[in-house]
Amino acid sequence: MTTVNDVMSRDVRTLPPTSTIADAAKVMDQLNVGVIPVCEGDTLLGMVTDRDIVVRAVAQGLGDDTPLSRVMSTDVRTARESDDLETVLAEMAASQIRRLPVVDASDALVGIISLGDIAVKGQDEEDVGQSLGEISAPA
């Protein structure tokens, strides 16, 4: 059985909720990513995506000094390191989620798992392709 631990990305860059959307955008640009976990220490408080910045901040006329706490998503689904990869992939498809933060048994952030991680390291192409289709389907 392949688990999340086998394929997840570690050493995830996080930002505190007091960081600004400008800070998040700069980090996203530097790392070429579209999501940053928002944490206090290793406790996950939320996630901010490039879409959150555009829809919740720019479209609303908020300045680039707006704290992440105002625009981040707080109802965040997570995966556990020990979760079965096929189950997580099915959950990602059902919820139309492309990436999940990974937490340990004490709910500390330990990584992130994305469809790319699964495609490269974990599942056969047909399963990933089908899941991508389900994730990308209009809601």
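Rules of the game
- Residues numbered from 1 in each chain as written.
- Predicted model: local features only at pLDDT ≥ 70, side-chain atom pairs only at ≥ 80, totals over all residues.
- Heavy atoms only, no water.
- Helix = DSSP H or I, 4+ residues; strand = E, 2+ residues; numbered from the N terminus.
- Contact = heavy atoms within 4.5 Å.
- Buried < 20%, exposed > 50% of the residue type's maximum accessible area, 1.4 Å probe, protein only.
- Polar contact = N/O pair within 3.5 Å; in protein donor to acceptor, adjacent residues only side chain to side chain.
- Pairing = 2+ DSSP bridges.
- Core = buried A, V, L, I, M, F, W, Y, C linked by side-chain atoms within 4.5 Å.

Participant: Would you mind going over the overall build of the protein chain with me for this structure?
Facilitator: Along the protein chain, the regular secondary structure elements total six helices and five strands. Once local pairs closer than 6 in sequence are excluded, the contacts in the protein chain between residues at least 24 apart make up 57%.

Participant: Looking at this model, I keep getting lost on the side chain of Asp117. Mind explaining?
Facilitator: Counting through the fold element by element, Asp117 comes out in helix α5 (residues 115-121). We classify Asp117 as buried; its relative accessible area is 9%. A distance of 3.0 Å separates the side chain of Asp117 from the side chain of Ser9, its partner in a polar contact.

Participant: Can you help me understand the pairing of strand β2 (residues 43-49) in this one?
Facilitator: Side-chain positions along a regular strand alternate between the two faces of the sheet. Judged by how many residues are buried, β2 sits mostly within the fold: five of seven residues are covered. Across six bridges, strand β1 (residues 35-40) lies against β2 in antiparallel orientation. Among the inter-strand pairings, Val35 is bridged to a residue of β2, identified as Thr49. Taking the residues between adjacent antiparallel strands as the criterion, β1 and β2 are bridged by two residues, where Gly41 takes a positive phi near 65°.

Participant: How should I be thinking about the sheet that holds strand β4 (residues 99-103) in this particular structure?
Facilitator: The strand order across the open sheet built from three strands is β3-β4-β5, with neighbouring strands paired in mixed fashion. Both outer strands of the open sheet, β3 (79-80) and β5 (109-114), are each paired with one neighbouring strand and no more. Relative to β5, β4 runs antiparallel, the two sharing five bridges. Along β5, the bridge assignment pairs Val103 with Leu109.

Participant: What am I meant to see in the nonpolar core here?
Facilitator: Proteins that are soluble and globular tend to have nonpolar side chains buried together. Counting residues in each nonpolar core, the largest one holds 14 residues, and the members touching the most others are Val4, Val88, Met92, Leu100, Ile113 and Ile118. Of all elements in the fold, only α1 (4-7), α4 (85-95), β4 and α5 reach the threshold of two or more residues within this core. Looking at which element gives the most residues to this core, the answer is α4, with four residues. Beyond its immediate chain neighbours, meaning those up to four positions away, Leu100 contacts Arg77, Thr78, Ala79, Val88, Met92, Ile112 and Ile113. Counting residues in each nonpolar core, the second largest holds 13 residues, with Ala24, Val27, Met28 and Ile53 among its members.

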